[in-house]
Each structure stands twice: as structure tokens, then as C-alpha cells.
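# Residue-level structure breakdown
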Amino acid sequence: MEVQDMPSNARIADWAMHVLHLLFPERQSSHFQHVDDVRKAFEEAEEELLELLMKTKACSHCDNKLIARRFLEELPAIYDVMLTDAQAIMDGDPAARSLREVIRTYPGFTAICVYRLAHQLWKSNVPLIPRILTEHAHSKTGIDIHPGARIGRYLYIDHGTGLVIGETCIIGDHVKLYQGVTLGALSVEKNMVDTQRHPIIEDHVIIYAGATILGGQTVIGHHSVIGGNVWLTSSVDPYTTVYHQPNSKFIDSKPIV
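Described below are features of the structure shown in this document. What you see is a predicted model, and the numbers here were worked out from it, not measured in a lab. (Residues numbered from 1 in each chain as written. Predicted model: local features only at pLDDT ≥ 70, side-chain atom pairs only at ≥ 80, totals over all residues. Heavy atoms only, no water.)

## Let's talk about helix H6 (residues 129-141)
With 13 residues, H6 extends 18 Å from end C-alpha to end C-alpha; this agrees with the ideal 18 Å at 1.5 Å per step. Every buried residue belonging to H6 is among Ile129, Pro130, Ile132, Leu133, Thr134, Ala137 and Thr141, and all of these are buried. Considering only its buried residues, H6 is in contact with helix H1 (9-23), helix H2 (35-55), helix H5 (107-123) and strand E1 (144-145). (Helix = DSSP H or I, 4+ residues; strand = E, 2+ residues; numbered from the N terminus. Expected span 1.5 Å × (residues − 1). Buried < 20%, exposed > 50% of the residue type's maximum accessible area, 1.4 Å probe, protein only. Contact = heavy atoms within 4.5 Å.)

Structure (C-alpha cells):
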């Protein structure tokens, strides 16, 4: 097996976190004093991305300069979408006291931000780096989002530990996902690589903890609610509530006197 010289995963992750810190200065203690300093910092981030791309030799035909420039050009739009994610958490979680708290402390916000950076690189057909970024976020937050997934605005991730979003998953706007949700594939044969393997989640859907939704033909209609621990492999019409009915037993455990 050929071994390629490329930047370490840690350096790639550090670059992404630095970009997040530039977008959200409240995530760090140091701040810039002048606009020119901010502009220079973003230019340096673009230069570092180009260096990372040049050293990642898995793509010999990539126009790395164009990719790096387009990434920086798209950052304002990506930032705007990230703000909607922060607002979704702020609006949806009674425990959230401020946007600053969400941006600094919520793992769901960190995971979705790293995904959005990685997704931009994924759309430019950058190899390796997008997966390295989302796996870094996965290791830090317990939230596994494939960079190829297509996710709309105002994504609300509550807690998020154990959340899995597969490569071809499509998620609309104003979707709420809780911990332990799996949006996965029914089958993992290699010949399905270019097919829709993961579900489509339409706008304003809520999926509660532990729910598993599988398959590329599975569509969860808009404004639906999927209850905790539900297992779904078929589509759900809009405005539908699906819930798991547990068979729980209660036993009197008081000691016999």
C-alpha cells in the first residue's frame, strides 16, 4: 500500500477550529482590534487551506487555488446558515440562556458548524479532508455527520450524543434531532455507492431520542413527529405522528413484612 505524505489530522482539525474562531470570536478569549487584522486573518486561513490541499495529494487534478478561494468566498453564506442553527437551539432549548452560550458550549452547534465547513469542501470534491473534519467533530461531540449529507437551515440538535446522519441523507429546514437518532441505510453493498441510501427528512420534522430511520426510499413528510425508539423503513405522510408503544410492566417491590 502506497503511503502518501499529507498533513496530520490534528493540523487539519486545528485549521477548521481556527476558522470557527474567526467566524465566532466569542469562542475564544482574544479579539481583533482592527478590521484589517480580521481581513489578514481570513487571508491567512485561505493560504493555510491551500497549503493543506496542496499537501493532500489524493487529488492530482484538483484546482486547489480555486477551491481555497471559493471556500473563503462562500464563508459569509455559510456563517449566515450557522447563525440559523444557533438560533434554532436558542429557540428550542429552554436551558439555553443566550446565543453566546450556545456558540461556546453546545456540542450540537460545534458539530453542525464543522459539518458545514466540511460540506463546502465536499461539494468541491476535495478528498479526505472533509471526512477528517467531521470525524474530528464526531470524536469531540459524539455526533456523526457525514460531510456529504445535505442539511438545510435552522437545524436543532439537542444533546446529540450518538446521533448518526449518513452520506446521502437529505434534511430540510427547521428540523429537530435528539440524541441517539440514526438516519442510516438499509443496505451497505459497495455497488450502491452512487445511489440514495439514506432517508429524506422534510421541513419542520421532529425526531426524538433513539429513533432509527433507514433507507433511501424513506421520506418523512413535513411537520411530522417521530417518537423515541421508533424503527422506520417506510415513508411517513406529512403531519403524521409516529410513536413506539412500550410494553412496560410495573411490579410492587416493597418488602414483605
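## What to know about the environment of Tyr115
With respect to the helices and strands, the residue Tyr115 is situated in helix H5. Relative accessible area serves as the criterion here: at 1%, Tyr115 is assigned to the buried category. Residues Tyr115 and Gly166, spaced 51 residues apart in sequence, show a C-alpha to C-alpha distance of 12 Å. The contacts of Tyr115, once residues within four sequence positions are left out, are Thr134, Ile145, His146, Pro147, Ala149, Arg150 and Ile151. Looking at Tyr115, its side chain comes within polar contact range of the main-chain oxygen of Ala149, at 2.4 Å. (Polar contact = N/O pair within 3.5 Å; in protein donor to acceptor, adjacent residues only side chain to side chain.)

## A look at the environment of Ile207
Looking at the secondary structure, you find Ile207 in strand E9 (residues 206-207). Judged by its relative accessible area of 0%, Ile207 falls in the buried class. Not counting residues within four places of it along the chain, the set of residues in contact with Ile207 comprises Lys176, Leu177, Tyr178, Val181, Leu183, Ile201, Ile213 and Ile226.

## Description of the nonpolar core
If you look at the biggest cluster of nonpolar residues, it comprises 71 residues, and the most contacted ones within it are Trp15, Phe109, Ile165, Ile171, Leu183, Ile207 and Ile226. Breaking this core down by element, the ones donating at least two residues are H1, H2, helix H3 (64-92), helix H4 (99-105), H5, H6, strand E3 (156-158) and strand E6 (176-178). Ranked by residues supplied to this core, first place goes to H3 with 10 residues. The contacts of Leu183, once residues within four sequence positions are left out, are Val164, Ile165, Gly166, Cys169, Ile171, Leu177, His198, Pro199, Ile201, Ile207 and Ile213. (Core = buried A, V, L, I, M, F, W, Y, C linked by side-chain atoms within 4.5 Å.)

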